[in-house]
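Secondary and tertiary structure notes
Listed here are the chains, written in short residue letters.
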Amino acid sequence: MPGLLAKERIIAPPDYNRWLVPPAALAIHLSIGMAYGFSVFWLPLSKAGGWNVSTLGIMYSLFFLFLGSSAAVFGRWVEREGPRKAGVVAALCWGGGFFISAAGIYWHQIALLWLGSGVIGGCGLGLGYISPVSTLIKWFPDRRGMATGMAIMGFGGGAMIGSPLADILMRHYASATEPGVWQTFVTLGVIYLIAMLCGAFGYRLPPSGWQPAGWAPPVESRRPMITSGNVDVRQAWRTPQFWLLLVVLCMNVSAGIGVIGMASPMLQEVFGGKLIGVAGTLKDLTPEQRTQVATIGAGFAALLSLFNIAGRIFWSSLSDLVGRKRTYFIFFTLGIVLYALAPAAGRSGSVALFVGIFCVILTMYGGGFATIPAYIADLFGTRYVGAIHGRVLLAWSAAGILGPQLVNNIREARIAGGVPPADAYNSVMYILAALLAIGFFANLAVRPVAERHYMSDHEGGTL
Amino acid sequence: MTEPGPGSRGPRWALVALAWLLVGIPLAWGIYRTLRSAVVLFR
């Protein structure tokens, strides 16, 4: 009899409802999405352990690095062993990472924090992120984009739950002698472990050959960008399409991450006192006025995170109707126009126009993440979509370093060259637009994968 | 081949509703908290 976590044990019974799979995937993605919200710990941790924020910020680099690497390395294992085992391992890594980090905070050992949440937790991020992709695409062949978009929306929304929850817990545990951070890590570890295990045990696979009632696979001659064959993950990286998608994702994410990192200070520096109805730049304001402006900047960052998650479900669902290539075409063309217009919007003094531009940009950042699994499934087939997606996510690791570095270095170089801080963002916008132009041409070059790359029938290459 | 068994028309809608509530309630709470922070932009 197959083990509790085996793929064979999770074949859906006849009365199974496929709409049970997305909430299972969401339980995992909402948990691991807390990675985005870790900055809520920086100030309390700097008090608890005496670490500075830049030391703690290494956690984000570790997250991106290990998310991409583990997804790439273990993607094939996830496909072979099935989503339940992958989900359980992800839960143990992510939840367990919180426990190790709690020990690190308790004993004042930063290395334990990096190891726990950064390295082990980062592997949990990668495994958890790709665990439902292949399963969702198999359950929703008629709505691949929407199905994966629902799960990936959870990753964007995880910090919205985790950050305020962590804040409440830290207030609850805080005492006169310590800020209650290690207790918060233990509590969150328990919550995430349970939530992710529930998600992992909720996964079911459709029986072989299952299709939704009344649905037939698209005829390839009518929709050439959707293949009926399958490409092995070991073969996929030998195709130009793999590298083109990697560039497409990397450019889209680099531009978006660049904006997310600078959103709050950018709004404050570009509009200064205008945000609170006072004349003058940020430097001319009193400390109280600066606090008010900073609150508005934080509100802007919160608004962007909402548009980020809304874009994940909106664009990925739209891609089911208009096709993936056209969806990315919209991301890149509209993105270039909006980035190019942003400096003019800042100069015009219209806060609403400026905020609106970045809200739309952030929908496309989220949409890029959410649409890529369906794009991969269309081009390479569904057999190894999770594993190939895992490798394409290396683009995320690269973008996590490229985007913020590019933005910060250009901005600092411009300011060092005598440009006022408010105007230093203009060059950044044009550079981000140039990144999107690279993505535009990469997307334009995507063609169906040549049939010689497909697996043969005897390897299980047909649907 | 189209299987008559599992799929969108299957039963268990009560379970589906419960599963969505379990993930939907925390997500809605998170969105509400974020909206509360974002509302200062429009004051």
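Residues numbered from 1 in each chain as written. Chains lettered and ligands numbered in written order. Predicted model: local features only at pLDDT ≥ 70, side-chain atom pairs only at ≥ 80, totals over all residues.

1. Topic: the overall build of chain B
Scanning chain B for helices and strands turns up 1 helix and 0 strands. In chain B, which comprises 43 residues, the share counted as buried stands at 23%. (Helix = DSSP H or I, 4+ residues; strand = E, 2+ residues; numbered from the N terminus. Buried ≥ 20, exposed ≤ 12 C-beta atoms within 10 Å, placed from the backbone.)

2. Side note on the overall build of chain A
What chain A contains, in helices and strands, is 17 helices and 0 strands. On C-alpha atoms alone, chain A measures out to a radius of gyration of 23 Å, which is about the 23 Å that the 2.2 N^0.38 rule sets for 463 residues. Burial status across chain A gives 56% buried among its 463 residues. Once local pairs closer than 6 in sequence are excluded, the contacts in chain A between residues at least 24 apart make up 82%. (Rg over C-alpha atoms; globule rule 2.2 N^0.38 Å. Contact = placed C-beta atoms within 7 Å.)

3. Re the packing of helix α11 (residues 240-271) of chain A against helix α12 (residues 287-322) of chain A
Residues and elements named next belong to chain A. Following both chains from N to C, one finds α11 and α12 inclined at 145°, their axes separated by 8 Å at the closest point. Considering the relative orientation of α11 and α12, their crossing is right-handed. Contacts between α11 and α12 involve I260, A263, S264, P265, L267 and Q268 from the former and V293, A294, G297, A298, F300, A301 and L304 from the latter. Considering only residue class, the contact of α11 with α12 consists of 10 nonpolar, 3 polar and no charged. (Axes fitted to C-alpha atoms, helices over the stretch in contact; angles between N-to-C directions. Left-handed = near helix turned anticlockwise from the far one by under 90°. Nonpolar A, V, L, I, M, F, W, Y, C, P; charged D, E, K, R; others polar.)

4. Regarding the nonpolar core
Counting 162 residues, the largest nonpolar core has A:M196, A:L249, A:I376 and A:F380 as its most contacted members. Setting aside chain neighbours within four positions, we find A:M196 in contact with A:A27, A:I28, A:S31, A:G87, A:A90, A:A91, A:W94, A:G95 and A:G128. (Core = buried A, V, L, I, M, F, W, Y, C linked by C-beta atoms within 7 Å.)

5. Quick notes on the domain arrangement of chain A
Residue and element names in this part refer to chain A. According to the domain assignment, chain A consists of domain 1 (7-201) and domain 2 (233-451). Relative placement of domain 1 and domain 2: their C-alpha centres are 23 Å apart. Opposite the 29 residues of domain 1 that make contact, domain 2 presents 30 residues. Residue assignment for the side of domain 1 that touches domain 2 shows that the elements contributing at least two residues are α4 (58-81), α6 (110-130), α7 (133-139) and α8 (144-173). (Domains from an automatic or database assignment.)

6. A short note on the interface of chain A and chain B
Many authors give the size of an interface as the accessible area that is lost as the parts come together. Taken together, the contacts link 34 residues of chain A with 31 residues of chain B. Put simply, the parts of the chain that give the side of chain A that touches chain B at least two residues each are α1 (21-32), α8 and α12 of chain A. The leading source of residues in the side of chain A that touches chain B is α12(A), at 9 residues. Taken together, the residues of the side of chain A that touches chain B break down into 25 nonpolar, 7 polar and 2 charged.

7. Description of unusual backbone geometry
All names here are of chain A. A positive phi is found at H108, a non-glycine position, where the angle reads about 60°. Relative to the helices and strands, H108 is located in the loop between α5 (83-106) and α6. A tally of 12 C-beta atoms within 10 Å means that H108 is categorised as exposed.

8. As for α6(A)
In this model α6(A) runs 29 Å from its N-terminal to its C-terminal C-alpha over 21 residues, within 8% of the 30 Å that 1.5 Å per residue would give. If you look at α6(A), its biggest bend is around 35°, right at A:G121. (Expected span 1.5 Å × (residues − 1). Bend = angle between axes of the 7 residues up to and from the residue.)

9. Looking at the packing of α1(A) against helix α1 (residues 13-38) of chain B
For the pair α1(A) and α1(B), interaxial distance at closest approach is 9 Å and the crossing angle is 30°. Taken together, the axes of α1(A) and α1(B) are roughly parallel relative to one another. Of the two possible hands of crossing, α1(A) and α1(B) adopt the one that is left-handed. Here A:P23, A:L26, A:A27 and A:L30 of α1(A) lie close against α1(B), whose contacting residues are B:A19, B:W20, B:L22, B:V23, B:P26 and B:L27. Looking at the contact of α1(A) with α1(B) residue by residue, the class counts come to 10 nonpolar, no polar and no charged. (Parallel < 35°, antiparallel > 145°, perpendicular 65-115°, else oblique.)

10. Notes on the environment of A:A342
All names here are of chain A. Tracing the chain through its elements places A342 in helix α13 (residues 324-348). Look at A342 and you get buried, because 25 C-beta atoms sit within 10 Å. Not counting residues up to four positions away in its chain, the partners in contact with A342 are F354, I357 and M429.

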